[in-house]
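What follows is each chain in one-letter form.
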Amino acid sequence: MQQSPLFSQSWSSPTSSPTSSSTPSASDSAAQLSSLQQTYAMIPRVRPHTPLLDDIDAPFDLKTFTTAQLITLANELRLFLLYSAGQSGGHFGANLGVVELTIVLHYLLDTPQDQIVWDVGHQAYAHKVLTGRRDQLGTIRAKGGLTAFPERIESVYDTFGVGHSSTSISAGLGMSLALRYQGRAQTVACVIGDGAMTAGMAFEAMNDAVQQDADLLVILNDNDMSISCSIGGFSRHLAMLWESGYQVDISESGAPVLRQRPIMQGFDRRKRHKEQRDVPQLEDNLFKAIGFTYFGPFDGHNIPELLRVLSLAKQIPGPVLVHIYTTKGKGFSPAEVDPVGYHAIGKLPAEVSVNQDINKHDSIKDNPSIDDEPETTPALKYSQVFGQFLCDKAAQDDKLLAITPAMEEGSGMIEFAHQFPTRFFDVAIAEQHAVTLAGGMATQGVKPIVAIYSTFLQRGYDQLIHDIALQNLDVTFAIDRAGLVGEDGATHAGVFDFAFLRCVPNMLIAAPKDENECYQLLNTCYEYQGCTAVRYPRGTGTGAIIKRPAQAYKVGQAVVESVLGSENATVKLALLAFGTMVATAGRAAEVLMTDASVKTDCQVQVVNMRWVKPLDTELLEALITQGVTHIATLEEHMIMGGAGSAVNEYLLNDSSAFKRNRPAICNIGIADRFIAHGSQLEQLADCGLDVTGVVTQLHRLLS
């Protein structure tokens, strides 16, 4: 048999030619499987009848199931996930796409002794259901309920805490090496998506797995998606493997066998690469070239095929990669058609009837960040403000280029990408690369803006210091999802950025109080020659109207928002509020002044600090000189190292007025702990950052 040029390494040959050969899976045709697998068009409001699923309290309960029962279980589990999503909201499409894989892994492996490591983890809802958390799934992402991602303290079956992408192979390799060192023969299986595989960390781990000759099973869940469609050379390489028409099957002895790939079910998104005529004609398979034993691609929704392949693959020593092809949103027809829009949804609205179709215009559908604000609100989301600024500024300045690490939708860049496609760069899940890419651009006289979530900027910190700030390059960071992020919990909280940014020389850091100030500060930082960051929260603002044309604020200048009480008061309190806490400070001041024991002899000034770096030190000196007796800083950020710490450092080290007058100081922010998931309002209350909590802390300061 003449071998395909795609696979130059020797493979075992089938007895028949590629055009006539068939695998054991080919007999289970797509038509036969389709007759057993259910597809739904509506989200049920009533708890569905799931007799097989209801009998599963732990993965061990799967062991007696027949293949036919496993297929029926997949239908029940998918329907239950639809029902639960309607009740609680949450990640959606990715979970539906791995139902069959999750069932097969728990059927074949002896968990929790064997280890399953989920990458990112937003596809692990089915895993939670099968590992004793079925009846709790309705509490997911709610305060006191299940987390949105695997978490070690939640279940013994959650082997590694995740939330950020591309960590599974590194973590799984660490487990495998530790088990080998201890002489423990246990299987470690890592499930990683094609989107997460674009990050450099995944390739670093694969390289080391080959060097260590580790026993590691990697399952590549290829759905041509992350939150958006996968992009880049790696995605095209996977398309090449698909377009070849071949499959590296696994023999009963575990040897690779080259066969013609059978027809698979599902919507083939890979055809877009062929239509764009950008499928590379490569000489080899990337995973095999690295040193992995490669099998695939296989149909990830074909339970008999998954059982056969994975039962053999898990017995092969050394690093093994099994490539499966799945459909994001599998089994829910609207999500199969629109996987980007159905990456996550909110709760099913009360006014939607049981028989009403769910489509892309219904309010359960949400953007990738799972924000829960209704579409009828007059206030803009901060990501929309950023998107408007990008388009407005790009129309005026042809030097503006915009970069995102796979968050085009979440960061509000869809319209910009449409209007200015040659100036938009989605680099996939590669935060380190995104930052240094911006640095390289800046050396050539253009003005790049990096749109990135606060939690993901942590991954590009070395590049921010070494490649941007050290060279004082003209790069603007638009930092979204800063502060507490609600139901996504601690893994996605943006509460460390003030601390890790303000200690970097050459950095400017702005914290807007509302939508208009966000727009103006984006403009101010963009116009500044150097490295700057504008830090804004998740969700909607206060409803402030954006003033155009854009203004340029004075760098490092704060604004006194309000003054309550008499100038002759003996107690004078200055509330130095940063970003989102300006509105809270204003309300807290009003509440405080309604207290008869306070208002008779107290003046409160609410200051919008606007800048974390540089601070408005002139205003600080003036406030203390004018007789301020108490200072409270307020920020939606960790107290340790935050904006309040910056104020403390200035007052203690450089303020001549403070050395003379010594006002009492209180820093109000997030204490030294990770904040559990819940609504943003619940999280703020938990941290003492709601109005009630702030007033309580101010009373303590004044007393």
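Per chain, residues are indexed from 1 in the order of the written sequence. With pLDDT at 70 or above as the cut-off, local features in this predicted model cover only qualifying residues; side-chain atom pairs require 80 or more to be listed or tallied, and sums for whole chains, interfaces and linings still use all residues. Each side-chain value is derived from all of the structure's non-hydrogen atoms; neither hydrogens nor water enter the calculation.

## Brief notes about the overall build of the protein chain
Short version of the rule: Comment: elements are numbered from the N terminus, with helices defined as DSSP H or I runs of at least four residues and strands as E runs of at least two. The cut-offs for exposure are 20% and 50% of the maximum accessible area for each residue type, with area from a 1.4 Å probe on protein chains only; residues under the lower value are buried, those over the upper are exposed, and the others partly exposed. Whether two residues are in contact is decided by their heavy atoms, any of which lying within 4.5 Å being enough. Here, Shrake-Rupley sampling with a 1.4 Å probe gives the accessible areas, and only protein chains in the shown set may cover a residue.
Looking only at helices and strands, one finds 27 helices and 21 strands in the protein chain. Out of the 703 residues belonging to the protein chain, those deemed buried represent 61%. Taking as baseline every contact in the protein chain between residues at least 6 positions apart, the subset at least 24 positions apart corresponds to 79%. Counting only carbon and sulfur atoms, one obtains 52% of the accessible surface of the protein chain, whose full area is about 26700 Å².

## Section: the packing of aromatic side chains
Aromatic rings in a pair are described by how distant their centres are and how their planes are angled relative to each other. The condition is simple: Classification of ring pairs uses Phe, Tyr and Trp, with its six-membered ring standing for Trp, and accepts pairs whose centres are within 6.5 Å; under 30 degrees between planes counts as stacked, over 60 as edge-to-face, and the remaining range as tilted. In this scheme, the term charge over a ring applies when either NZ of a lysine or CZ of an arginine sits within 6 Å of the ring centre and within 35 degrees of the ring normal.
Evaluation of the coordinates by the stated rule reveals 13 aromatic pairs. A centroid spacing of 6.4 Å and a plane angle of 45 degrees characterise the contact between Phe80 and Tyr83, whose relative ring orientation is tilted. Of the two residues, Phe80 and Tyr83 are both situated in helix 3 (residues 67–88); the distance of three residues between them amounts to about one turn of the helix. Tyr83 carries the same exposure label as Phe80, and that label is buried. Taken together, the ring pairs in this structure connect Phe92, Phe332 and Tyr342 into an aromatic cluster. Over the ring of Phe498 we find Arg535; its NZ or CZ atom is 4.2 Å from the centre of that ring. Looking at Arg610, its charged tip hangs above the ring of Tyr553, at a distance of 3.9 Å from the centre.

## Re unusual backbone geometry
Note that the residue after Gly296, namely Pro297, is joined by a cis bond; omega there is 0 degrees. Within the fold, Pro297 resides in strand 7 (residues 293–299). The backbone phi angle of Ser166 is positive, close to 75 degrees, even though this residue is not glycine. For Ser166, the position within the fold is in the loop between helix 6 (125–133) and helix 7 (168–181). Note on Ser166: relative accessible area 1%, which makes it buried. For Asn472, which is not glycine, the phi dihedral falls at a positive 50 degrees. Tracing the backbone shows Asn472 in the loop between helix 18 (461–469) and strand 13 (476–482). Taking the relative accessible area as the measure of exposure, Asn472 reaches 37% and is therefore partly exposed.

## Brief notes about the sheet that holds strand 14 (residues 508–510)
Rules: Between any two strands, at least two bridges found by DSSP are needed for them to pair. Axis definition: a line fitted to C-alpha atoms, over the contacting stretch in the case of helices. Angles run 0 to 180 degrees between N-to-C directions.
Reading across the sheet, the seven strands line up as 11-10-12-13-15-14-19 and stay open at both edges, with mixed pairing between neighbours. In this open sheet, the two strands that pair with only one neighbour each are strand 11 (424–426) and strand 19 (611–613). Each adjacent strand pair in this sheet contributes to an overall mean axis angle of 20 degrees, direction not counted. Across four bridges, the pairing between strand 10 (residues 400–404) and strand 12 (residues 447–453) is parallel. Within the sheet, the bridge partner assigned to Leu400 lies in strand 12 and is Lys447.

## A few points about the pairing of strand 21 (residues 664–670)
Most of strand 21 is tucked away, with five of its seven residues classed as buried. Bridging between strand 20 (residues 630–638) and strand 21 involves six bridges; their strand directions are parallel. Paired with Thr633 across the bridge in strand 21 is Asn667.

## Considering the packing of helix 16 (residues 431–442) against helix 18
Put simply, the rule is: To sort the angles, those under 35 degrees are grouped as roughly parallel, those over 145 as roughly antiparallel, those from 65 to 115 as roughly perpendicular, and the leftovers as oblique. For this classification, Asp, Glu, Lys and Arg are treated as charged, while Ala, Val, Leu, Ile, Met, Phe, Trp, Tyr, Cys and Pro are nonpolar and the rest, including Gly, are polar.
Their axes nearest at 9 Å, the elements helix 16 and helix 18 cross at an angle of 10 degrees. Judged on the interaxial angle alone, helix 18 and helix 16 are roughly parallel. Counted together, Gln432, Val435, Thr436, Ala438 and Gly439 of helix 16 and Gln463, Leu464, Asp467 and Ile468 of helix 18 form the full contact between these two elements. Partitioning the contact of helix 16 with helix 18 into residue classes produces four nonpolar, four polar and one charged.

## Focus on the sheet that holds strand 16 (residues 559–564)
Spatial ordering of the open sheet is given by 16-18-17-20-21, a layout of five strands whose pairing is mixed. A single partner strand is all that each edge strand has here, and the edge strands are strand 16 and strand 21. Direction aside, the axes of adjacent strands within the sheet are offset by 20 degrees on average. For strand 16 and strand 18 (residues 602–608), the ladder comprises five bridges, and the chain directions are antiparallel. Its bridge partner being in strand 18, Val560 is matched across the sheet by Val607.

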